[in-house]
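Commentary on secondary and tertiary structure
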Amino acid sequence: MSTTKTLLRALKGDVQAIPPIWMMRQAGRYLPEYRATRAKAGDFLSLCYTPDLAAEVTLQPIRRYGFDAAILFADILLLPQALGADLWFVTGEGPRLSTITTPADLAMLKPVSDIDATLAPVYETVRILARELPKETTLIGFAGAPWTVATYMIAGRGTPDQAPAHALMREDPATFDALIDRITEGTIAYLGAQIEAGAEVVKLFDSWAGSLKGDAFARYATAPTARIIAALKSKYPDVPVIAFPREAGDAYVGFARATGADCVALDNSVSADWAAANVQIDGCVQGNLAPSYMVSGGPELVSETRRIVKAFSKGPHIFNLGHGITPDADPDNVQRMIDAIRG
Ligand code: CP3
C-alpha cells in the first residue's frame, strides 16, 4: 500500500524511525481555543451535535501541533442517547444517564435502526473533516466498547469500580447480556456509518476493561470487541481498528489475535519494555506516556518520551498517552513531547 499517512502505515505494520503521534482527548479543555468554541456552543452536548463547531475543535490541535491523526470530536455516550437513554452532563462532575437495569428498561430502548436520527450530525462532522483535514492527517472515528458503555447505562453515571454493572451481570445475566448485545449491534451500525462518512480508522474505547477478570474479561471485553471487528471487516476489510482494553494488564497479551484488532492501545500502567516483548510481537501498539507528564513537564517529560519511543522502536508503533490529556495540562508540554519525538 502506498500512502503518505504515517498513522495508516504504522497500522499496516511499517516500522518507522519517527512514530506517528496523536493524543487521547487532544481536543479538550487544556486548550484555550477549545474553551472558547465550547463557550460558543453553550454546553458539551451542543458542541458534539453542531457539526461546524465539532469539526472546528477537532481541527484545533491539528493546526496547533500538526498531529498525524485527528480524532472525531464526539463522545462514547452519544450511542446510549441515540438508543433512547436520557443523557446530560453535570459541570465538574461528569455524565448522567437514565438507568437500564430491568427487562422493562431494556424494552424502552429504541431499535438500532433508529440511531441515525440522533447521530446524523456526528456523521456530518466526519464528512466536514474528511474534506478539511490536511492530506497527511488520518481521520479516526470511535465508539465505546460494549462493556464500558454498559457500565454507564446501568449505573447512570461514572463509577470508580463499576459495581452496579458487575451486580447486574451476577444477578440478572439475561438482562445484562441483552444490553451488551444491543450496544454491540448499535456500535457496529454507528462505526459503519462513521466509515461511510469518511473515517479512515476506528477505535474502540474499553476504558473499564481492567475491572473484568478471567472469564468475564473473555466474555465481555474480548468477545464483543471481536464481534464488532468481524462485522466491520466483512464490509470494510481495509479499515484498521484500534482496540483499547484499558488496564487489561496480562490480558493485553494476545488481545489483537483474539479480536482481530490491527493495533492495541496501551495504558501507562504497563511498562513499554514488557509490552514491546509481549504485545508488540503481534503487531502495532499505541501508547503509552503517562498523562501526568503533560502537567509536570520538566526533563523527565523528555527522557520518558524518548524511553517509550526507544522501547517500541523495533516494531510498528503509534505514540500516544496512556489515557486522555487532563484539563490542567500545559499546552507547551505537548509541544515539548512532540519535539522530543521528532527533533
Ligand atoms: O479524544 C478526543 O479528543 C475525542 C473526543 C472524545 C471525548 N470523549 C470528548 C470529551 C473521546 C474519544 C471521548 C471518549 C470517552 N468519553 C470515554 C473513553 C475514553 C476515556 O476517557 O476513558 C469515556 C469514558 C467518555 C465518557 C465521558 N465523557 C466522561 C466520563 C466525561 C466526563 C469526564 C471529563 O473529562 O470531563 C466526558 C466528557 C468529555 N468528553 C469531555 C471531552 C472533551 C469534557 C467535556 C467538557 O468540555 O466539559
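Everything in this summary refers to the structure shown in the same document. (Residues numbered from 1 in each chain as written. Predicted model: local features only at pLDDT ≥ 70, side-chain atom pairs only at ≥ 80, totals over all residues. Heavy atoms only, no water.)

Below, the discussion takes up the pairing of strand 2 (residues 87–90). Regular strands place their side chains on alternate faces of the sheet. Of the strand pairs in this sheet, strand 2 and strand 3 (residues 94–97) are connected by four bridges, and their pairing is antiparallel. Pairing of tryptophan 88 across the sheet is with arginine 96, part of strand 3. Turn length for the strand 2-strand 3 hairpin, with the two strands adjacent in sequence and antiparallel, is three residues, and the turn residue glycine 92 shows positive phi of about 80°. (Pairing = 2+ DSSP bridges. Helix = DSSP H or I, 4+ residues; strand = E, 2+ residues; numbered from the N terminus.)

A separate point is the packing of helix 4 (residues 51–65) against helix 7 (residues 115–132). As a packed pair, helix 4 and helix 7 sit with axes 8 Å apart at the nearest point and diverge in direction by 50°. Compared by their axis directions, helix 4 and helix 7 come out oblique. When you trace helix 4 past helix 7, the crossing you get is right-handed. Taken together, the residues of helix 7 that come into contact with helix 4 (itself represented by Pro51, Asp52, Ala54, Ala55, Thr58 and Leu59) are Pro121, Glu124, Thr125, Ile128, Leu129 and Glu132. (Axes fitted to C-alpha atoms, helices over the stretch in contact; angles between N-to-C directions. Parallel < 35°, antiparallel > 145°, perpendicular 65-115°, else oblique. Left-handed = near helix turned anticlockwise from the far one by under 90°. Contact = heavy atoms within 4.5 Å.)

Within the fold, threonine 187 resides in helix 10 (residues 173–197). Threonine 187 has contacts with Leu79, Ala143, Gly144, Leu204 and Ile228, leaving out every residue within four places of it along the chain.

Let's shift gears to unusual backbone geometry. Residue asparagine 288 follows glycine 287 across a cis peptide bond; omega there is -15°. Turning to its location among the elements, asparagine 288 is positioned in strand 8 (residues 284–289). The phi angle at glutamine 162 is positive, at roughly 55°, despite the residue not being glycine. On the secondary structure map, glutamine 162 appears in the loop between helix 8 (146–155) and helix 9 (163–171).

Turning next to the environment of arginine 246. Structurally, the position occupied by arginine 246 is in the loop between strand 6 (241–245) and helix 12 (255–259). Under the relative-accessibility criterion, arginine 246 is labelled buried at 9%. Spatially, the C-alpha atoms of arginine 246 and asparagine 268 are 9.2 Å apart, while their sequence positions differ by 22 residues. Excluding its chain neighbours within four sequence positions, the residues that come into contact with arginine 246 are Asp206, Ser207, Trp208, Ala209, Gly210, Tyr252, Asp267 and His323. (Buried < 20%, exposed > 50% of the residue type's maximum accessible area, 1.4 Å probe, protein only.)

For strand 9 (residues 317–321), a buried count of five out of five residues is recorded, marking the element as mostly surrounded by other parts of the structure. Residues of strand 9 alternate between two faces, with His317, Phe319 and Leu321 on one and Ile318 and Asn320 on the opposite face, all of them buried. One ladder, built from five bridges, connects strand 8 with strand 9; its direction is parallel. Its bridge partner lying in strand 9, glycine 287 is registered against phenylalanine 319.

Quick look at the pattern of salt bridges now. Considering all chains together, one arrives at 15 salt bridges under this definition. The closest approach of N and O atoms between glutamate 124 and arginine 127, which form a salt bridge, is 3.1 Å. One end of the pair is glutamate 124 and the other is arginine 127, both in helix 7 and three residues apart, which spans about a single turn. With its nearest N and O atoms 3.4 Å apart, the salt bridge here joins arginine 227 to aspartate 181. One end of the pair, arginine 227, is in helix 11 (residues 215–235); the other, aspartate 181, is in helix 10, and 46 residues separate them in sequence. Each member of the salt-bridge network shares a partner with another, and the members are Asp181, Glu185 and Arg227. (Salt bridge = Lys/Arg side-chain N within 4 Å of Asp/Glu carboxyl O.)

The analysis is restricted to geometry; functional conclusions fall outside its scope.
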